[in-house]
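# Architecture at a glance
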Amino acid sequence: MYLVVEQLLNGLQFGLLLFLLAAGLTLVFGIMDFVNLAHGSLYMMGAYFAATFVAWTGSFVLGALLALGATLLLGIVLEYVALRHLYGRDHLDQVLATFGLILFFNDAVRLIWGPAGLALPLPPWLTVPVQIIPGVYYPAYRLLIITVALVVAALLYLVVMRTRVGMLIRAGASNREMIGALGINIKLLFTLVFGLGAALAGLAGLMQAPILTVQIGMGENILILAFVIIVIGGIGSIRGAFLAALFVGIIDTMGRAFLPDLLRKVLSGAAASTAAPAISSMLIYLLMAIVLVVRPEGLFPAAKR
Amino acid sequence: MKKAFWLAGAVAVALAQLATAADSIKIGFVSTFSGPTAVIGNDMRNSFELALDHLGRKMDGKPVEVIYEDDQQKPDIGKQKTEKLVQSDKVDFIVGYIWSNVLLASLKTAVDSKTFLISANAGPSQLAGELCSPYVFSTSWQNDQTPAAMGLYMNQKGVKSVFLIGPNYAAGKDMLAGVKSTFKGKVVGEEYTVWPSQLDFSAELTKARNSGAESIFVFYPGAAGVQFLNQYAQAGIKQQIPLYTAFTVDELSLPLQKDNAIGIPGAQEWVNDLPNEQNKAFVADYRKKYPGLRPTYYGAQAYDAAQLINSAVVAVKGDLAKKDAMKAEMEKADFKSLRGPFKYGNNHIPIQNFYLQDVVKDADGQLSLKTVATIVKDNQDQFHDKCPMK
């Protein structure tokens, strides 16, 4: 029983982290109709900034906040310098250009920080396991990720649903031309949205950094999952991204945790332990396929075009 | 007239190329030079270059030309690069291969063309057994050997039960099988993770803790080893369940693992402080040539590969057509290996010692690896019976 609780927490933590990454992606894709493959690079930059600033300031929290600001700034500059010119183009051009940006960022990181990667050590108060219910210990840092991601999700919900900017964002997701015609400064809105998306990706990167290593190309694998999530959730929908991220995180973790034992009941030991990881990594794609068949627009389609 | 002039020129150029081709030793080097594991490929290249420096960049008086190719850690790319080296570059030797799955995909190309292939790291069980070949040598080990040594050490420590975790690819399976082949206690659980994309091991660590196992064994080469140790320490399992490893803590991962690696034992056939003369020179010159870097076992094996090739080239006085003579010479392992002298088994896999290594702070205050004990002497892999070569 405790095992299930702990694995659920693992899934929740992974899902929430994916949500941070997917939220920015879905905003940019949904509102600006812009395919940004370089979103994973912003995730990587967040991690590199954090590793650098934490080492520089000696404080984990301060370094993380600085890194967040730096990624936000980087996102805004990137939008202003490069991506702004691609809005009118078709998706293929955008894919090509942002793929180029991935290569650019990877090599820029190699030049600045070297090929070996960085470590982002946690302060001692975050490396202790916490007893959440009697008999169940959970890493403090993973609890922190869960808390921060939930707070960010709540804030994002408030901003999008309850503020004027949020109203514009929602309007932009439903009908871009119309809000432009109504005299809203769409350029500024786009820059803002892109900066927000970059900061969210940076936050995901810097929070993942102490668990994984900070390394070149770290954003590429996880970006695929983020795309799966926004397709499941419905492009442009924060609520969809949130639920889809939780689904994906929990299904992935539970699959890895319990599928091998289930398979061992049917198959021989060796075959089961080889097949289980392969099948469990397929589960989320299976989920995506089912969602696409049943609801091609995703669970919560934001825009009806 | 003009046409004839150009023709003569073209012939001269072609002949000149032919002449240089015959006059140099051409070596193809396949390893990973991009992506997160590029640091391993770089270390192998650094050590190989250092070996060439030590040889005066010549073998039997002939200049050595090395063509480095990046396999991107992908079996299909590795196979393509091997084909390119064999078919269009027409190299005399192929060296490298970090990953067992990349080597297995590339093996047939080299063997069919009768090009000597020297694996400087990967040692899949098939290579030692049914896929062994007169044209393939290893300067590393068969995958099972190192974890099998770790299993012996765990017996010595009186460990009663273990939970095994490793990546789901050729080497991962060999490694876990290796521990099981010698470990006398109970194997409580065995988990494989998606390789190389899975970097979060929370589900596996949770299972290991709840399994009640007395110890955990893992094999995670490269950055995955850093991530595993991070998560192992953060989950507080380091204080509860001791960890035993193979190929998880090395000089590349140590600067990132930092204190997480202290007290984590590993088994290895080469450690930087092995006391033979050639090893001392290798470590000192490496640190001089590449400031800030330290050599790893990957590099030491690549260095040995260069020396092994040199011994064969010298034995046939540079006549690389004498393949049988070169094979016979390499089988003697008559060169100064950085791990000290070793013999080759019938399957061209070294019969060698394995050492217990530990993480300590060295004279510079930096974390480094140190030999603690010899776990097993003259160890031969368990698949040599399956190899038809005598």
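An unreviewed UniProt entry annotates chain B as ABC transporter substrate-binding protein originating from Bradyrhizobium macuxiense. The Sequence similarities (unreviewed entry) comment attached to chain B in UniProt states, word for word, "Belongs to the leucine-binding protein family."

By the naming in an unreviewed UniProt entry, chain A is ABC transporter permease, taken from Bradyrhizobium macuxiense. Regarding chain A, the relevant UniProt record gives this comment under Sequence similarities (unreviewed entry): "Belongs to the binding-protein-dependent transport system permease family. LivHM subfamily."

### Here's the deal with the domain arrangement of chain B
Residue and element names in this part refer to chain B. According to the domain assignment, chain B consists of domain 1 (2-141 + 275-351) and domain 2 (145-268). Placing a centre on the C-alpha atoms of domain 1 and another on those of domain 2 gives a separation of 31 Å. The interface of domain 1 with domain 2 comprises 17 residues on the first partner and 13 residues on the second. Mapped onto the side of domain 1 that touches domain 2, the elements with two or more residues apiece are α2 (38-54) and α4 (100-112). Class assignment of the residues belonging to the side of domain 1 that touches domain 2 gives a composition of 9 nonpolar, 6 polar and 2 charged.

### Some details on the environment of T245 of chain B
Residues and elements named next belong to chain B. In this structure, T245 sits in strand β10 (residues 243-246). The class for T245 is buried, based on 24 C-beta atoms found within 10 Å. Linking T245 and M175, residues 70 residues apart in sequence, is a C-alpha distance of 10.0 Å.

### Observations concerning the interface of chain B and chain A
Chain B puts 30 residues into the contact, and the matching count from chain A is 33 residues. Counting residues per element, the ones that place at least two in the side of chain B that touches chain A are α2, β8 (186-193), α8 (202-210) and α9 (223-234) of chain B. A per-element tally of the side of chain B that touches chain A places α9 of chain B first, with 7 residues. Counted by class, the side of chain B that touches chain A contains 12 nonpolar, 13 polar and 5 charged residues.

### Quick word on unusual backbone geometry
Residue and element names in this part refer to chain B. For the peptide bond that leads from W195 to P196, omega is 0 degrees, which places it in the cis range. Structurally, P196 is set in the loop between β8 and α8. Despite not being glycine, Q72 has its phi angle at roughly 55 degrees, a positive value. Looking at the element boundaries, Q72 is found in the loop between β3 (62-70) and α3 (75-88). Its identity as a non-glycine residue notwithstanding, K258 has a phi of 50 degrees, on the positive side. The residue K258 is located in the loop between α10 (254-257) and β11 (266-268) in this model.

### Here we look at the packing of helix α2 (residues 39-57) of chain A against helix α4 (residues 91-113) of chain A
Relative placement of two packed helices is described by the angle separating their axes and the distance separating the axes. All names here are of chain A. Here α2 crosses α4 at 20 degrees, and the two axes come no closer than 9 Å. Looking at the two axes, α2 sits roughly parallel to α4. Considering how the two elements wind past one another, α2 and α4 form a crossing that is left-handed. Residues G40, S41, M44, M45 and Y48 of α2 lie in contact with α4, whose contacting residues are L101, I102, F105, V109 and W113. Of the residues contributing to the contact of α2 with α4, the split by class is 8 nonpolar, 2 polar and no charged.

### Quick notes on the sheet that holds strand β2 (residues 58-59) of chain B
All names here are of chain B. As summarised here, the arrangement of the 6 strands in space is β2-β3-β1-β4-β5-β6, forming an open sheet in which the pairing is mixed. Here the strands that pair on one side only, and so sit at the sheet edges, are β2 and β6 (136-138). Here 2 bridges tie β2 to β3, and the two strands are oriented antiparallel to one another. Within β3, the position partnered with K58 by the bridge is P63.

### What to know about helix α11 (residues 269-294) of chain A
If you check α11 of chain A, its first and last C-alpha atoms are 36 Å apart, about what 26 residues at 1.5 Å a residue would give, namely 38 Å. At L283 of chain A, α11 of chain A shows its maximal bend, which comes to roughly 30 degrees. Those residues of α11 of chain A that sit buried are A272, S273, A276, P277, S280, I284 and V291 of chain A. The elements touched by buried residues of α11 of chain A are α9 (218-233) and α10 (238-266) of chain A together with β8 of chain B.

### Regarding the packing of helix α1 (residues 2-32) of chain A against α9 of chain A
All names here are of chain A. Across the interface, α1 lies against α9 with an axial gap of 9 Å and an inter-helix angle of 65 degrees. Every pair of crossing elements has a handedness; the one defined by α1 and α9 is right-handed. On the side of α1, the interface is formed by L18, L21, A22, L25, T26 and F29, while α9 contributes I222, L225, A226, I229, I230 and G233. Partitioned by chemical class, the residues of the contact of α1 with α9 number 10 nonpolar, 2 polar and no charged.

### Some points on the nonpolar core
Core analysis: the largest hydrophobic core is formed by 213 residues, its most contacted members being L18, F19, A22, A50, A226, I229 and A245 of chain A. When residues in this core are grouped by element, the largest group, 15 residues, is from α1 of chain A. Both domains that furnish three or more residues to this core are identified here as domain 1 (2-141 + 275-351) and domain 2 (145-268) of chain B. When sequence neighbours within four positions are dropped, the list of residues in contact with I229 of chain A reads L18, A22, A241, A244, A245 and V248 of chain A.

### Brief notes about the UniProt feature "transmembrane region" (unreviewed entry) in chain A
All names here are of chain A. Residues given the UniProt feature "transmembrane region" (unreviewed entry) here are residues 12-35, 42-58, 64-83, 95-120, 140-160, 181-202, 222-248 and 269-294. Span residues 42-58 is 94% helix and 0% strand, its end C-alpha atoms 23 Å apart. What you have in residues 181-202 is 82% helix and 0% strand, and the ends, taken at the C-alpha atoms, are 33 Å apart.

### Quick word on the UniProt feature "domain: Leucine-binding protein" (unreviewed entry) in chain B
In this structure's numbering, the residues bearing the UniProt feature "domain: Leucine-binding protein" (unreviewed entry) are residues 24-362 of chain B. Taken end to end, residues 24-362 of chain B is 41% helix and 20% strand, and its two terminal C-alpha atoms sit 42 Å from one another.

### Some words on the environment of K265 of chain A
Along the chain, K265 of chain A falls in helix α10. Each C-alpha atom of the pair K265 of chain A and Y43 of chain A lies 40 Å from the other, and the pair is 222 residues apart in sequence.

### Things to note about helix α6 (residues 164-174) of chain A
Residues and elements named next belong to chain A. Along α6, the positions that sit buried rather than exposed are L168, I169, G172 and A173. Buried residues of α6, viewed axially, fall in a sector of 140 degrees; they line one side. The inward-facing, buried residues of α6 abut α1, α5 (140-162), α7 (176-181) and α8 (186-208).

Scoring rules and cut-offs
Residues numbered from 1 in each chain as written. Chains lettered and ligands numbered in written order. Predicted model: local features only at pLDDT ≥ 70, side-chain atom pairs only at ≥ 80, totals over all residues. UniProt positions renumbered as here; feature names shortened; annotations may be inferred. Domains from an automatic or database assignment. Contact = placed C-beta atoms within 7 Å. Helix = DSSP H or I, 4+ residues; strand = E, 2+ residues; numbered from the N terminus. Nonpolar A, V, L, I, M, F, W, Y, C, P; charged D, E, K, R; others polar. Buried ≥ 20, exposed ≤ 12 C-beta atoms within 10 Å, placed from the backbone. Axes fitted to C-alpha atoms, helices over the stretch in contact; angles between N-to-C directions. Parallel < 35°, antiparallel > 145°, perpendicular 65-115°, else oblique. Left-handed = near helix turned anticlockwise from the far one by under 90°. Pairing = 2+ DSSP bridges. Expected span 1.5 Å × (residues − 1). Bend = angle between axes of the 7 residues up to and from the residue. Core = buried A, V, L, I, M, F, W, Y, C linked by C-beta atoms within 7 Å. Arc of directions from axis to C-beta.

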